[in-house]
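Okay, here's what each chain looks like letter by letter:
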Amino acid sequence: MAMWYAITGTDHPGSLAARLAARPAHVARLETLRDAGRLRLAGPFPAIDAIDPGPAGFSGSLIVAEFGSLAEARAWADADPYVAAGVYASVDVRPLRITLP
(Lines give C-alpha, C1' and ligand atoms only; values in the text may rest on other atoms or scores of the structure.)
Protein backbone atom coordinates (compact mmCIF):
# COMPACT_ATOMS: atom_id res chain seq x y z
CA MET A 1 0.00 0.00 0.00
CA ALA A 2 1.44 3.35 -1.03
CA MET A 3 1.82 6.13 1.52
CA TRP A 4 2.77 9.81 1.53
CA TYR A 5 6.23 10.88 2.71
CA ALA A 6 7.63 14.29 3.64
CA ILE A 7 11.17 14.77 2.38
CA THR A 8 12.97 17.78 3.84
CA GLY A 9 16.39 18.74 2.55
CA THR A 10 18.49 21.27 4.45
CA ASP A 11 20.97 23.22 2.32
CA HIS A 12 24.62 23.75 3.09
CA PRO A 13 25.30 27.47 3.58
CA GLY A 14 26.58 29.03 0.38
CA SER A 15 25.23 26.30 -1.89
CA LEU A 16 23.11 28.54 -4.15
CA ALA A 17 25.35 28.14 -7.23
CA ALA A 18 25.32 24.34 -6.88
CA ARG A 19 21.53 24.42 -6.37
CA LEU A 20 20.99 26.45 -9.53
CA ALA A 21 23.27 24.18 -11.56
CA ALA A 22 21.51 20.99 -10.39
CA ARG A 23 17.98 22.43 -10.51
CA PRO A 24 16.97 21.19 -14.02
CA ALA A 25 17.74 17.56 -13.10
CA HIS A 26 16.09 17.97 -9.68
CA VAL A 27 12.90 19.41 -11.22
CA ALA A 28 12.82 16.70 -13.93
CA ARG A 29 12.61 14.02 -11.22
CA LEU A 30 9.79 15.92 -9.52
CA GLU A 31 7.95 16.20 -12.84
CA THR A 32 8.17 12.44 -13.24
CA LEU A 33 6.50 11.98 -9.85
CA ARG A 34 3.89 14.62 -10.74
CA ASP A 35 3.11 12.98 -14.06
CA ALA A 36 2.59 9.65 -12.26
CA GLY A 37 0.15 11.32 -9.82
CA ARG A 38 2.53 10.78 -6.90
CA LEU A 39 3.55 14.38 -6.07
CA ARG A 40 1.45 16.39 -3.61
CA LEU A 41 3.75 19.43 -3.40
CA ALA A 42 7.35 20.50 -3.77
CA GLY A 43 9.26 23.71 -3.31
CA PRO A 44 12.23 25.47 -1.76
CA PHE A 45 12.45 27.40 1.49
CA PRO A 46 13.67 30.95 0.72
CA ALA A 47 16.43 31.96 3.16
CA ILE A 48 14.68 35.30 3.67
CA ASP A 49 11.04 36.35 3.77
CA ALA A 50 10.66 36.80 0.01
CA ILE A 51 9.34 34.78 -2.94
CA ASP A 52 12.59 35.54 -4.80
CA PRO A 53 15.39 35.63 -2.22
CA GLY A 54 18.02 36.65 -4.77
CA PRO A 55 21.59 36.07 -3.56
CA ALA A 56 20.33 35.05 -0.08
CA GLY A 57 19.31 31.81 -1.73
CA PHE A 58 17.43 29.00 -0.05
CA SER A 59 17.70 27.11 3.21
CA GLY A 60 16.29 23.84 1.92
CA SER A 61 13.36 22.13 0.22
CA LEU A 62 10.16 20.26 1.01
CA ILE A 63 8.74 17.46 -1.11
CA VAL A 64 5.56 15.54 -0.28
CA ALA A 65 5.27 12.48 -2.49
CA GLU A 66 3.82 9.00 -2.55
CA PHE A 67 6.01 5.90 -2.34
CA GLY A 68 5.49 2.22 -1.65
CA SER A 69 7.58 2.25 1.53
CA LEU A 70 9.85 4.36 3.69
CA ALA A 71 12.85 2.55 2.20
CA GLU A 72 11.69 3.47 -1.32
CA ALA A 73 11.19 7.12 -0.31
CA ARG A 74 14.66 7.25 1.28
CA ALA A 75 16.27 5.67 -1.79
CA TRP A 76 14.54 8.23 -4.03
CA ALA A 77 15.65 11.09 -1.78
CA ASP A 78 19.24 9.79 -1.63
CA ALA A 79 19.38 9.81 -5.45
CA ASP A 80 18.34 13.48 -5.70
CA PRO A 81 20.67 15.60 -7.86
CA TYR A 82 20.88 18.11 -4.99
CA VAL A 83 22.48 15.38 -2.85
CA ALA A 84 25.01 14.54 -5.58
CA ALA A 85 25.79 18.23 -6.12
CA GLY A 86 26.42 18.84 -2.42
CA VAL A 87 23.47 21.22 -2.02
CA TYR A 88 21.89 19.35 0.89
CA ALA A 89 23.72 19.07 4.20
CA SER A 90 21.05 16.65 5.40
CA VAL A 91 17.84 15.00 4.21
CA ASP A 92 15.01 13.86 6.47
CA VAL A 93 12.36 11.42 5.20
CA ARG A 94 9.24 10.77 7.28
CA PRO A 95 5.91 9.04 6.70
CA LEU A 96 3.07 11.56 6.50
CA ARG A 97 -0.60 10.98 7.09
CA ILE A 98 -2.37 13.81 5.29
CA THR A 99 -5.45 14.98 7.18
CA LEU A 100 -6.42 18.15 5.28
CA PRO A 101 -7.37 19.38 2.78
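Bear in mind that the values here come from a model prediction, so they are computed numbers and not experimental data.

**Q** How should the overall build of the chain be read in this particular structure?
**A** Helices and strands together make up the secondary structure of the chain, namely three helices and four strands. Order of helices (α) and strands (β) in the chain, N terminus to C terminus: β-α-β-β-α-α-β. Against the globule reference of 13 Å for 101 residues, the chain gives a C-alpha radius of gyration of 13 Å, in line with a compact fold. With the principal axes as the frame, the chain shows a C-alpha extent of 40 × 30 × 25 Å. Within the chain, the proportion of its 101 residues that are buried is 29%. Nonlocal contacts in the chain, meaning residues at least 24 apart in sequence, comprise 74% of its contacts between residues at least 6 apart. When the accessible surface of the chain is summed, it comes to about 6000 Å², and 59% of that surface belongs to carbon and sulfur atoms. Side chains of the chain give 9 positive and 10 negative charges; the mean places of these two sets differ by 5 Å.

**Q** What should I look at first to understand the environment of Ala 84 in this one?
**A** On the secondary structure map, Ala 84 appears in helix H3 (residues 81-84). For Ala 84 and Leu 39, which are 45 residues apart along the polypeptide, the C-alpha to C-alpha distance reads 21 Å.

**Q** Would you take a moment to explain the pairing of strand E3 (residues 58-67) for this structure?
**A** Sheet topology note: the strand E1 (residues 3-11)/E3 ladder contains eight bridges and is antiparallel. Note that in E3 the partner of Thr 8 across the bridge is Leu 62. Pairing analysis gives seven bridges linking strand E2 (residues 39-46) to E3, with the strands arranged antiparallel. By the bridge assignment, Phe 45 is partnered in E3 with Gly 60.

**Q** Mind showing me how you'd approach the packing of aromatic side chains here?
**A** For any pair of aromatic rings, the description rests on two quantities: the centre-to-centre distance and the angle between the ring planes. Using the criterion set out here, one finds three aromatic pairs in the structure. When the ring of Phe 67 is compared with that of Trp 76, the centres are 5.7 Å apart and the planes differ by 50 degrees; the resulting orientation is tilted. Grouping aromatic residues by their ring pairs yields a cluster made of Tyr 5, Phe 67 and Trp 76. Over the ring of Trp 76 we find Arg 29; its NZ or CZ atom is 4.0 Å from the centre of that ring. Seen from the ring of Trp 4, Arg 40 lies directly overhead, with NZ or CZ sitting 5.8 Å from the centre.

**Q** Explain the pattern of salt bridges to me, please; I cannot follow it from the model alone.
**A** Opposite charge on two side chains lets them pair, provided their charged atoms get close. Counted by the stated rule, this structure contains five salt bridges. In this structure, Asp 80 engages Arg 29 in a salt bridge whose closest nitrogen and oxygen atoms are separated by 3.7 Å. Separated by 51 residues along the polypeptide, Asp 80 in the loop between helix H2 (70-78) and H3 and Arg 29 in helix H1 (residues 16-35) bring together distant segments of the chain. This pair shows no difference in class: Asp 80 is buried, exactly as Arg 29 is.

Each value, and the rule that gives it
- Residues numbered from 1 in each chain as written.
- Predicted model: local features only at pLDDT ≥ 70, side-chain atom pairs only at ≥ 80, totals over all residues.
- Heavy atoms only, no water.
- Helix = DSSP H or I, 4+ residues; strand = E, 2+ residues; numbered from the N terminus.
- Rg over C-alpha atoms; globule rule 2.2 N^0.38 Å.
- Buried < 20%, exposed > 50% of the residue type's maximum accessible area, 1.4 Å probe, protein only.
- Contact = heavy atoms within 4.5 Å.
- Areas by Shrake-Rupley, 256 points an atom, 1.4 Å probe, with all protein chains shown as cover.
- Lys, Arg positive; Asp, Glu negative; His and termini not counted.
- Charge placed at Lys NZ, Arg CZ, Asp CG, Glu CD.
- Pairing = 2+ DSSP bridges.
- Phe/Tyr/Trp six-rings, centres within 6.5 Å; stacked < 30°, edge-to-face > 60°.
- Lys NZ or Arg CZ within 6 Å of the ring centre and 35° of its normal.
- Salt bridge = Lys/Arg side-chain N within 4 Å of Asp/Glu carboxyl O.

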